[in-house]
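Residue-level listing of the chains:
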Amino acid sequence: MISATSFADRDVALFGLGASGLSAAHALKSGGARVHAFDDMPERRQTAISSGIPVVDLKSANWSVFDALVLAPGVPLTHPTPHWSVNLARQQGIPVIGDIELFCRERQTHAPDAPFVAITGTNGKSTTTALISHCLAHAGHDVAMGGNIGVPILDLLPPARGRVHVVECSSYQIDLAPSLDPSIGVLLNITADHLDRHGSLEHYAAVKERLIAGSRLAVVGVDDGLSAAIADRAEQAGVETLRLCVRHPVTHGVYAEGSKLYVAEDGAQREFYDLAPVTSLRGAHNAQNAAAAVAVCRALGLTDKAIHAGLACFPGLAHRMQVVARDGQVLFVNDSKATNADAAERALTSFERIHWIAGGRAKTGGIASLQPHFPRIAKTYLIGEAAENFAGVLEGHVPYERSGTLQAAVEAAARDAAADARAHGGEAVVLLSPACSSFDQFPDFEARGRAFVEAVRRIVPQATEQETV
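Keep in mind the model is a prediction, meaning the values are calculated, not measured. (Residues numbered from 1 in each chain as written. Predicted model: local features only at pLDDT ≥ 70, side-chain atom pairs only at ≥ 80, totals over all residues. Heavy atoms only, no water.)

Peer 1: How do you make sense of the overall build of the protein chain when you look at a structure like this?
Peer 2: Across its full length, the protein chain holds 15 helices and 22 strands. For 469 residues, the compact-globule estimate of 2.2 N^0.38 gives 23 Å, and the C-alpha radius of gyration of the protein chain, at 23 Å, lies within 12% of that figure. Projecting the C-alpha coordinates of the protein chain onto the three principal axes gives extents of approximately 70 × 55 × 40 Å. A total of 469 residues make up the protein chain; the buried ones form 56% of that total. For the protein chain, the share of sequence-separated contacts (at least 6 apart) that also reach a separation of at least 24 residues comes to 66%. (Helix = DSSP H or I, 4+ residues; strand = E, 2+ residues; numbered from the N terminus. Rg over C-alpha atoms; globule rule 2.2 N^0.38 Å. Buried < 20%, exposed > 50% of the residue type's maximum accessible area, 1.4 Å probe, protein only. Contact = heavy atoms within 4.5 Å.)

Below you can see the structure in the form of structure tokens.
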């Protein structure tokens, strides 16, 4: 655990006692702060009390004694309306920060030269974070990986010379980290997402840009206009900037042509690595993730040979283009992490003859943007709240049925895909890539993915979670 010493002998309010909030509470207490924690959920308050964290009702507390409010990232800061704890903090003029900010202050105080890689983007940030960490660890480096990817940042080992922190940052976390200053900041892409929490695409992009603006080296994907503009502004501000692209060459950075990665520097381009044999990095979206990992690892001093070796043995992540079974010519793929249309597009472009399971709680824009990929879809199986809306988009273009539940969708898709494979003599894919959040039927995308795996196992008992594409 990292002790948060920046508030030693001071009073700190903390709201939100989920995993990251509880981690921050323990880090603050360990660092000598007087913690006043609260959560609207009684069971979370009890968990905190049982672990030694003081819990008080912040609604009736004397806010004039607090030096900061540490807010869990899942709690609204600005939209749709600020949480009541944020309003109380602002009335007293005290800063509202999060666990990433506490980490940054500790690093600045105790190990300012310790390598710190921060990764953000609408899509691909978890895979990129894991891939960078994997390549570094495979090359023998001391790596601490966490943040939005699973392990709260303050539960990691402390910053130290020779230890590389590789941290996934959500927009919510960036919004609560005014001192964010990574050695290397990575922005993969920006598409419409989380607008209910940021109010507009422009504000969402501006939050993402803060990670790049505070970086010593910026690594930025330029396949979308918002990110390309951010790369331009970073360079104009004097930040060394490497560009990533999967659509065309760049002059300074890493780009992809099909499965091949190229490094561009000093006015020259050279082929760096062919991803074709790496099944865990299939598709243009993973080419961007790999390009980011190459740029970061080269900047941290890894040799080409070491990076090649790391890429070649990357196992991939669960719920992200994860093959869970093959039954003859039918492939079952769990891409539950695809919670918006842009993420689902990445899966749809990676296969032919797709039996697509889609739906849940729809995001802004729905699936209209996916129409160019409809010819790849043999049939769609609609689940959750978005079923009627998605049916309207698919009507006249793609055969579909309203399956309602994930279990029913898997059963129908498996049956139809087997018949399809026999009829066409080739591979058919049952693909869960919902293009929606899970919150209508599941607590999170992981639970949805596990439910898919279990449903597949009822049909294909040898289903595993060991192979990814």
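Peer 1: Sorry if this is basic, but what is going on with the sheet that holds strand 1 (residues 11–15) here?
Peer 2: Pairing between sheet strands relies on hydrogen bonds along the backbone, with the strands arranged either parallel or antiparallel. Pairing within the open sheet is parallel, and its 4 strands lie in the order 2-1-3-4. Each edge of the open sheet is held by one strand with a lone partner, namely strand 2 (34–38) and strand 4 (96–97). (Pairing = 2+ DSSP bridges.)

Peer 1: What is the right way to look at helix 13 (residues 387–394) in this model?
Peer 2: Spacing of three or four residues puts side chains on the same side of an α-helix, whose turn is 3.6 residues. Considered for burial, the residues of helix 13 that qualify are Ala 387, Phe 390, Ala 391, Val 393 and Leu 394. Projected down its long axis, helix 13 carries its buried residues within an arc of 160°, all on one side. Exposed and facing more than 90 degrees away from the buried side of helix 13 are Glu 388 and Gly 392. Contacts from the buried residues of helix 13 go to strand 16 (354–359), strand 17 (361–362), strand 18 (377–383), strand 19 (400–404) and strand 21 (436–437). Just beyond helix 13, the residue with positive phi is Gly 396, at close to 85°. (Arc of directions from axis to C-beta.)

Peer 1: Would you mind showing me how to read the sheet that holds strand 5 (residues 116–120) here?
Peer 2: Taken in spatial order, the 9 strands make up an open sheet running 6-7-5-8-9-10-11-12-13, and their pairing is mixed. With one partner strand each, in any of the chains shown, strand 6 (142–147) and strand 13 (268–274) form the two edges of the open sheet. Strand-to-strand twist in this sheet, taken as the mean axis angle between neighbours without regard to direction, amounts to 20°. With 6 bridges joining them, strand 6 and strand 7 (residues 163–168) adopt parallel strand pairing. Note on strand 7: the bridge partner recorded for Gly 147 is Glu 168. (Axes fitted to C-alpha atoms, helices over the stretch in contact; angles between N-to-C directions.)

Peer 1: Sorry if this is basic, but what is going on with the packing of aromatic side chains here?
Peer 2: The geometry of an aromatic ring pair is captured by two quantities: the separation of the ring centres and the angle between the planes. Scanning the model with the defined rule gives 6 aromatic pairs in all. Here Phe 15 and Phe 38 contribute two aromatic rings whose centre-to-centre distance is 6.3 Å and whose plane-to-plane angle is 50°, an arrangement assigned as tilted. You can see Phe 15 sitting in strand 1 and its partner Phe 38 sitting in strand 2, a full 23 residues away along the chain. Note on Phe 15: relative accessible area 4%, which makes it buried. Plain terms: the ring middles of Phe 103 and Phe 116 are 5.0 Å apart, the flat faces sit at 70° to each other, and that makes the pair edge-to-face. (Phe/Tyr/Trp six-rings, centres within 6.5 Å; stacked < 30°, edge-to-face > 60°.)

In short, shape yes, function no, at least from these values alone.
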